[in-house]
Amino acid sequence: MLRAALAVCGLDFDGETRGAILRDANKNLERYEKLRELSIPDDVSLPFHFSPLVPGMLVDRTRRPFRMSKIPAVKRPANLEDVAHWPVRRLAELLRKRQVTSVELTRMYLARLRRYNPRLHFVVTFLDDLALTQAEQADREIAASKYRGPLHGIPWGAKDIIAVKGHPTTWGSGAYKDRVIEADASVVAMLREAGAVLLAKLTTGELAHGDRHHPGQTRNPWNPERGSSGSSAGPASATISGCVGFAIGTETAGSILSPSLVCGVTSLRPTFGRISRHGVMALSWTQDRIGPMCRSAEDCALVMNALVRPDGQDMSVTDIPFNWDAQLDVRKLKVGYLADGFEKTPGAAGANGRKMLEKVRSLGVTLTPIEIPPFPYYIGSTAVEKATAHSELMLSPRRRQMARPDMAPGFLSPRLVSAVDYLVSQRARSMMMMQLAKVTEGFDAWLSIATHSKAGAIESTDTITQQHSEMANHACYPALAVPSGWDEADLPTGVTVYGRPFADSTVIALGRAFEEASGYHLKHPKLDG
């Protein structure tokens, strides 16, 4: 058995060495068999915490005033559903000016969720009673001039790996379909404090994988014959359908960016350490991030402002300020772009991406080609960490209750990765992060292109661009998904705006400038009924 195990690890030793290893292996077997009897609560993380910063990297730690955009006066339309696709910034003005009540908005969005859910499958649990209670409270406070800010009274939806006290949190899995967690996730508590109104738990791919879950598959509102990609499938689908004001998704390896680009949603994958993950299912303690999924870039900033602060629970969260300034002059930014991807991507996706570059240039922004050499070594952390996070389920018969039992081997095979090899890969990850930091030094942001695969996920047509995407993800850099147009099948195409760690507001500002120039964020799918 030892020889076979060593062979799996690509190792070989002489007989004396194998004998010594065998004695230690038998001791460890007893220890780990005992350890597997320990039930570890979901909210217990590793005793060490990842940082996206590398030596020599400077971060702006000066706290500045939060400055929203100024918008023209808003007027309530005769048909309230005409505001269903409005961005939060405009909805907030309707509420602040008392032209609409939160209860009215809440009832309208709940009705739309129920109308379109049978076709798009984006809701796991409706929270009508909770939503109306929160909306009534928001209306009382706003009427009493106790306005909390731009999220006050705004209806939203939570990806169903985010715990809401007293309500099911299924993680998209048949193994957890009846499970209730008796505590709110920190993001739920923070948004409640900001006055936002929680409408529903929205679908997630099972255990945050893909767009398939125990009720079925979440659909793309632009073409319901297609999936919405994942794993933040429900948040993306519901947001672009005008069924929530905004949503909260999570990402480990594309779970915010992919469904957002597929569905045409403007969403931010924040820098690691921006938002507490307390009360949210873990997949990778060194890559999991929580982010806003919205209908405009500035909406992402409004949501971020409510969530960016330590909570004393997730020890990876920093106190680095999030400084949003809607008046930032993007012409002063040094912006790069991954030329290979924009030049080599065929079809409408490539053409739309190149047009986007021209629109950015027309804003007075100077674009500089940037080359990011690949890092040809395995640096993945997700496999080992997800096997650890879901060890108890995968070693029990309950894994047979999963909607996708074919996923189980992906949670079990990492047990054959030695702890030594895993830690070596993470040291290599540090080397990659230092390389990426050096290449992007001096840039405020850079642009990359992505296209649809046949499966409905997002993939680059250019190998170098794809490798950069994986490197930026493992380094936990911020990234904003922005629609760049539509293809021949009237499906969204998109680009991604990247930035260095904790430059989230700069990334949002550049995305907002493009939105304002193109107006693509204002287009939405035409739904039946």
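Anything mentioned here points back to the structure above.
Residues numbered from 1 in each chain as written. Predicted model: local features only at pLDDT ≥ 70, side-chain atom pairs only at ≥ 80, totals over all residues. Heavy atoms only, no water.

### Let's talk about the overall build of the protein chain
A tally of helices and strands in the protein chain yields 17 helices and 16 strands. On C-alpha atoms alone, the protein chain measures out to a radius of gyration of 23 Å, which is about the 24 Å that the 2.2 N^0.38 rule sets for 529 residues. Each principal axis of the C-alpha distribution contributes one length, and for the protein chain these read about 85 × 50 × 45 Å. The contacts of the protein chain with a sequence gap of at least 6 include a subset with a gap of at least 24, amounting to 76%. In the protein chain, the 64 positive side-chain charges and the 56 negative ones have mean positions that sit 3 Å from each other. (Helix = DSSP H or I, 4+ residues; strand = E, 2+ residues; numbered from the N terminus. Rg over C-alpha atoms; globule rule 2.2 N^0.38 Å. Contact = heavy atoms within 4.5 Å. Lys, Arg positive; Asp, Glu negative; His and termini not counted. Charge placed at Lys NZ, Arg CZ, Asp CG, Glu CD.)

### Focus on the pattern of salt bridges
Considering all chains together, one arrives at 24 salt bridges under this definition. A salt bridge links Asp128 to Arg114, with the shortest nitrogen-to-oxygen separation between them at 2.7 Å. With Asp128 in helix 5 (residues 128-143) and Arg114 in helix 4 (residues 102-120), this pair connects stretches of sequence that are 14 residues apart. In this structure, Glu141 and Arg148 form a salt bridge, with 2.5 Å as the shortest nitrogen-oxygen distance. With a relative accessible area of 16%, Glu141 lands in the buried category. Salt bridges here are not isolated pairs; linked through shared partners, they connect Glu81, Arg112 and Arg115. (Salt bridge = Lys/Arg side-chain N within 4 Å of Asp/Glu carboxyl O. Buried < 20%, exposed > 50% of the residue type's maximum accessible area, 1.4 Å probe, protein only.)

### Here's the deal with the pairing of strand 3 (residues 197-202)
Looking down a regular strand, the side chains alternate between one sheet face and the other. Most of strand 3 sits inside the fold, with six of its six residues counted as buried. Here five bridges tie strand 2 (residues 155-159) to strand 3, and the two strands are oriented parallel to one another. Residue Lys159 lies in a different strand from strand 3, and its bridge partner there is Leu202. For the crossover that starts at strand 2, traverses helix 6 (residues 186-193) and ends in the parallel strand 3, the hand is right-handed. (Pairing = 2+ DSSP bridges. Right-handed = clockwise from strand over helix to strand, strands pointing away.)

### Observations regarding the pairing of strand 7 (residues 223-227)
As paired strands, strand 6 (residues 219-220) and strand 7 are joined by two bridges and run antiparallel to one another. Residue pairing in the sheet places Asn220 in a bridge with Asn223 of strand 7. Following strand 6, the chain reverses through two residues before pairing antiparallel with strand 7.

### Here's the deal with the side chain of Arg269
Mapping Arg269 onto the fold places it in strand 9 (residues 266-269). With relative accessibility at 1%, the residue Arg269 sits in the buried group. Engagement of the side chain of Arg269 in a polar contact is seen with the backbone oxygen of Tyr477, the distance being 3.1 Å. Beyond its immediate sequence surroundings of up to four residues, Arg269 is in contact with Glu251, Ile256, Leu257, Arg289, Ala472, Asn473, Tyr477, Pro478, Ala479 and Tyr498. (Polar contact = N/O pair within 3.5 Å; in protein donor to acceptor, adjacent residues only side chain to side chain.)

Taken by themselves, the reported measurements are silent on function.
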